[in-house]
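Breakdown of the fold
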Amino acid sequence: ETPEGISVCPFSGLTDVWTLKIEYYPVTRKAVELKSCKYYMNQLKNVGIYQEGVTKLIYDHYCAILGHNAIKVSTIFNVRGGHYVTCTEDGMRKFK
C-alpha cells in the first residue's frame, strides 16, 4: 500500500491523488518488487486517465506481469468536491 499515486483527470485537467493497495496470491513464482512499483506509479503522474481507468490499467498490467488474475487492486482517491471515491478491480473472488 502506498499513498503516492498521482494522475490527471482528462476532463478537468485537475490532479487526482490516490493511495494504491495491491493484494495478490503468489500463484506463480513471480513477484513485483516495491522499487519497480514506485517507478511504475511515477509514470502515471502525467497520464490523463479517469479514476476507474487507473485502477483497471494497474490491474491489467499486474495480471500480465504475474501471469494470473488472483489480484485485487484498490485505488482510494483523496476527496474532491466532497466526494470520496474508491475503485476496486478484484480477480481474487474465486480464490477465497
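On a predicted model such as this, the values are computed, not experimentally measured, just so you know.

Rules of the game
- Position labels on residues start from 1 in each chain and follow its written sequence.
- It should be noted that, the model being predicted, local features are given only for residues of pLDDT at least 70 and side-chain atom pairs only at 80 or more, the latter also being counted only at that level, while totals for whole chains, interfaces and linings use all residues.
- As a rule here, side-chain values come from all non-hydrogen atoms in the structure, and water together with hydrogens is ignored.
- Put plainly, a pocket is an open set of points on a 1 Å grid over the protein atoms alone with protein on both sides within 12 Å along at least five of seven lines, a cavity is a set where a 1.4 Å probe fits but cannot get out, and a lining residue has an atom within 4 Å of a point.
- Grid points are joined across faces, edges and corners, and a volume is the space filled by probe spheres set on the points.
- Each helix is a run of DSSP H or I of at least 4 residues and each strand a run of E of at least 2, with the numbering of both proceeding from the N terminus.
- For this scheme, ten residues count as nonpolar: Ala, Val, Leu, Ile, Met, Phe, Trp, Tyr, Cys and Pro. Four count as charged, namely Asp, Glu, Lys and Arg, and the remainder, Gly too, count as polar.
- The pairing criterion for strands is at least two bridges between them, as found by DSSP.
- Here an axis means a line fitted to C-alpha atoms, over the contact stretch when the element is a helix, while the angle between two N-to-C directions is reported on a 0 to 180 degree scale.
- We call two residues contacting when some pair of their heavy atoms lies within 4.5 Å.

Some details on the layout of surface pockets
In this structure, the largest pocket encloses a volume near 290 Å³. If you go around the largest pocket, you meet 14 residues; those closest to its centre are Glu-1, Thr-2, Ile-22, Leu-34 and Cys-37. Broken down by secondary-structure element, the contributors of at least two residues to the lining of the largest pocket are β1 (2-8), β2 (15-24) and α1 (34-43). By residue class, the composition of the lining of the largest pocket is 8 nonpolar, 1 polar and 5 charged.

Considering the sheet that holds β2
Strand order in this open sheet of 4 strands is β1-β2-β3-β4, and the pairing throughout is antiparallel. Only two strands of the sheet have a single partner each, and these edge strands are β1 and β4 (83-90). Ignoring strand direction, the axes of neighbouring strands in this sheet form an average angle of 30°. Two strands pair when backbone bridges link them, and strand β3 (residues 71-80) and β4 are joined in this way by 7 bridges, in the antiparallel orientation. Within β4, the position partnered with Arg-80 by the bridge is His-83. Here α1 sits on the sheet and contacts β1 and β2; the angle it forms with β1, its principal contact strand, is near 25°.

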